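The lines below spell out each chain.
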Amino acid sequence: MAQPDSAEPHWLSDGFEHIWLPYAQMKTAQRPLPVVASSGSRLTLADGRVLIDGIASWWTACHGYNHPHIAEAVRAQLAQMPHVMFGGLAHEQAYRLAARLSALLPGDLERVFFTESGSVAVEVAMKMALQYWMNQGVCGRTKMLSFRGGYHGDTLATMAVCDPEEGMHTKFAGILAQHVIADLPIDDASLAALRAVLEQHHRSLAAILVEPRVQGAGGMVFHHDAVLRQLRALADEFGLLLIFDEIFTGFGRTGDLFACTGAGVLPDIVTLSKALTGGTLPLAATIARRHVFEAFWSDDGDAALMHGPTFMGNALACAAANASLDLFEREPRLAQVAAIETALMQGLAPCRHLPHVRDLRVKGAIGVVELDEGADLRAIQQALLARGVWVRPFRTIVYLTPAFTIAQDELATLTAAVVGALKA
Ligand SMILES: *Cc1c(COP(=O)(O)O)cnc(C)c1O
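Residues numbered from 1 in each chain as written. Predicted model: local features only at pLDDT ≥ 70, side-chain atom pairs only at ≥ 80, totals over all residues.

### Here we look at the overall build of the protein chain
Phase 1: Of regular secondary structure, the protein chain possesses 14 helices and 16 strands.
Phase 2: At 22 Å, the protein chain has a C-alpha radius of gyration in line with the 22 Å of a compact globule built from 424 residues.
Phase 3: Summarising its shape, the C-alpha atoms of the protein chain cover approximately 65 × 55 × 45 Å along the three principal directions.
Phase 4: Counting across all 424 residues of the protein chain, residues that qualify as buried make up 45%. (Helix = DSSP H or I, 4+ residues; strand = E, 2+ residues; numbered from the N terminus. Rg over C-alpha atoms; globule rule 2.2 N^0.38 Å. Buried ≥ 20, exposed ≤ 12 C-beta atoms within 10 Å, placed from the backbone.)

### Let's talk about the domain arrangement of the protein chain
Phase 1: As far as domains go, the protein chain holds domain 1 (33-63 + 332-423) and domain 2 (68-330).
Phase 2: For domain 1 and domain 2, the distance between their C-alpha centres works out to 27 Å.
Phase 3: Contacts between the two partners involve 24 residues from domain 1, matched on the other side by 20 residues from domain 2.
Phase 4: Those elements giving two or more residues to the side of domain 1 that touches domain 2 turn out to be α2 (56-59), α12 (333-348), β13 (357-363), β14 (366-371) and β16 (397-400).
Phase 5: In terms of residues, the side of domain 1 that touches domain 2 owes the most to one element, α12, which gives five residues. (Domains from an automatic or database assignment. Contact = placed C-beta atoms within 7 Å.)

### Structural notes on the sheet that holds β13
Sheet strands pair via backbone hydrogen bonds, and the direction of the pair is either parallel or antiparallel.
Phase 1: Strand order in the open sheet formed by three strands is β13-β14-β16, and the pairing between neighbours is antiparallel. Edge positions in the sheet fall to β13 and β16, since each has one partner strand and no second. For this sheet, the mean angle separating the axes of adjacent strands, direction not counted, is 10 degrees.
Phase 2: Note that β14 and β16 share four bridges and pair antiparallel. Across the sheet, the residue bridging to V369 is V398, located in β16. (Pairing = 2+ DSSP bridges. Axes fitted to C-alpha atoms, helices over the stretch in contact; angles between N-to-C directions.)

### Concerning the site of the ligand
Phase 1: Among the 15 residues in the neighbourhood of the ligand, the closest are listed as S117, G118, S119, I247 and F248.
Phase 2: The element contributing the most residues to the shell around the ligand is helix α5 (residues 118-135), with three residues.
Phase 3: Residue composition of the shell around the ligand, by class: five nonpolar, seven polar and three charged. (Near = placed C-beta within 6 Å. Nonpolar A, V, L, I, M, F, W, Y, C, P; charged D, E, K, R; others polar.)

### Observations concerning helix α14 (residues 408-423)
Phase 1: Relative to the 22 Å expected for 16 residues at 1.5 Å per residue, α14 spans 22 Å between its end C-alpha atoms, a close match to the ideal helical length.
Phase 2: Among all positions in α14, only L411, L414, T415, A417, V418, A421 and L422 are buried. Mapping the buried residues of α14 onto a view down its axis gives an arc of 150 degrees, with all of them on the same face. In α14, the exposed positions angled more than 90 degrees off the buried face are occupied by Q408, D409 and K423. (Expected span 1.5 Å × (residues − 1). Arc of directions from axis to C-beta.)

### A short note on the packing of helix α4 (residues 92-104) against helix α11 (residues 315-330)
Phase 1: Interhelical geometry of α4 versus α11 gives an angle of 40 degrees and a closest axis separation of 8 Å. Comparing the axis directions of α4 and α11 gives the class oblique. The way α4 lies across α11 gives a crossing that is left-handed. In this structure, α4 contributes Q93, A94, R96, L97 and R100 to the contact, and α11 contributes A315, C318, A319, A321, N322 and L325.
Phase 2: Grouping the amino acids of the contact of α4 with α11 by side-chain chemistry returns seven nonpolar, two polar and two charged. (Parallel < 35°, antiparallel > 145°, perpendicular 65-115°, else oblique. Left-handed = near helix turned anticlockwise from the far one by under 90°.)

### What about the pairing of strand β3 (residues 50-53)?
Phase 1: Strand direction decides the pairing type here: strand β2 (residues 42-45) and β3, joined by three bridges, are antiparallel. Residue pairing across strands places R42 opposite I52, the latter belonging to β3.
Phase 2: Between the end of β2 and the start of β3, which pair antiparallel, lie four residues, with G48 showing a positive phi angle near 95 degrees.
Phase 3: Across two bridges, β3 lies against strand β15 (residues 389-390) in parallel orientation. In the strand pairing of β15, I52 is matched with V389.

### Notes on the environment of I366
Phase 1: Structurally, I366 can be placed in strand β14.
Phase 2: Residues I366 and L400 lie 34 residues apart in sequence; the distance between their C-alpha atoms is 5.8 Å.
Phase 3: Sequence-distant contacts of I366, that is, excluding residues within four places in its chain, are made with V214, M220, R253, Y399 and T401.

### Remarks on the packing of helix α3 (residues 68-80) against α11
Phase 1: Remark: α3 packs on α11, axes separated minimally by 8 Å, with the N-to-C direction vectors making an angle of 150 degrees. The angle between the axes of α3 and α11 places the two elements in the roughly antiparallel class. Note on packing geometry: the crossing formed by α3 with α11 is right-handed. Of α11, the residues touching α3 (which contributes H69, I70, A73, V74, Q77 and L78) are A315, L316, A319, A320, N322, A323, S324, D326 and L327.
Phase 2: When its residues are assigned to classes, the contact of α3 with α11 shows 10 nonpolar, four polar and one charged.

### As for the sheet that holds strand β5 (residues 143-147)
Phase 1: Strand order in the open sheet formed by seven strands is β4-β12-β11-β10-β7-β5-β6, with mixed pairing between adjacent strands. The open sheet has two free edges, formed respectively by β4 (109-115) and β6 (180-182), since each of these has just one partner strand. Across the sheet, the axes of successive neighbouring strands diverge by a mean angle of 20 degrees, strand direction being ignored.
Phase 2: Pairing between β5 and strand β7 (residues 205-210): three bridges, direction parallel. Looking at β7, one finds that L145 is bridged to I208.
Phase 3: Strand contacts of helix α7 (residues 188-201): β6 and β7, with the helix running at about 165 degrees to β6, the strand carrying the most contacts.
Phase 4: The strands touched by helix α8 (residues 225-237) within the sheet are β7 and β10 (241-245), with β10 carrying the most contacts at an inclination of about 150 degrees.

### Some thoughts on unusual backbone geometry
Phase 1: A positive phi angle, close to 75 degrees, is found at W59, a residue other than glycine.
Phase 2: A residue is classified by how many C-beta atoms lie within 10 Å of it, and W59, with 25 of them, is buried.
Phase 3: At R213, a residue that is not glycine, the phi angle is positive and equals roughly 75 degrees.

Encoded structure:
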């Protein structure tokens, strides 16, 4: 175990013996950095250092940290009513949020089911898709079709639809539900292969599940909107539902409010989470189109969707989400994303010619430098920290997903730090 440094706060030293960290081999894990305050795009550490945050806390803090409008909305809701159960009781924040999300999403994506995490939102989408067929008396549609390089969560059901080899879940292969995993149809060959898979398996499939535009945690791989149009056409041809997991792409990250809006493709079910509350409170949503909802509309109680998390529609989280939507309405977020895209392309361009760099790509407020296997990510992260920057590279990927409100000079510091760290 890494030795604590002497300046470490006592809560970290004492608590470290009792904490189980995410995605970490605890025996060799580096001590996490103690953060004592956040503001805008900056994190203040216990020793007084201030870091510029390049990833907005796993892509959530799209308005920067501590936005006063969200803070005020949560404070007011806390004083009035932090939480009431969602079964049998209703409150304004969740009902307003559902109506607003429906209005923002395209077409008849109009029925919102709230949960508390992205993984659970995906599980609910899968459950909706499976039961959609059961409720219509169609048997045997028990699987999802999902894609290599995909990531949809860490729970047992969602692990089974992640990339089977590259993912973090390989060792569970024998235990997980069996789904059909294909390559994204990015060219004629992969499209023909996908068609063959569908011809073979479509009777056992309930839905096609995809992260539109960007496969995020699987490796920050982009694809064109034409791929999504293909998937819509294939879903229609083979009579399958189409689920867009927009947990990463939702709320502006790729340059449009939602990837489905930008691509002009209407999926049957959408999942949202990450930036939904502007990075403040856990909340997720699964949104279904009318025809999906209608398959559950029945005089038969058994046709109901039997799901209901304890903290479903939490009022504090919904108040934060409503405040976050206010900011998308009032402030030029999508223009900010477009400006970030340009700055990322310019700022990261020098990476292209550095050793170990295999690819450089930018989409919206996502900048990705892909390295070859020889790169030492831990050394790169240390070099970034030395430059006053918080970034969390994974596998062969160093990426930036800053807050949309990041200042120009902060963004320039981020891109210069990436270039400098890769040089060093
Ligand atoms: C993060 C993520 C999830 C899982 O969300 P959690 O809140 O971590 O459970 C699912 N799908 C995508 C696309 C994600 O980016």
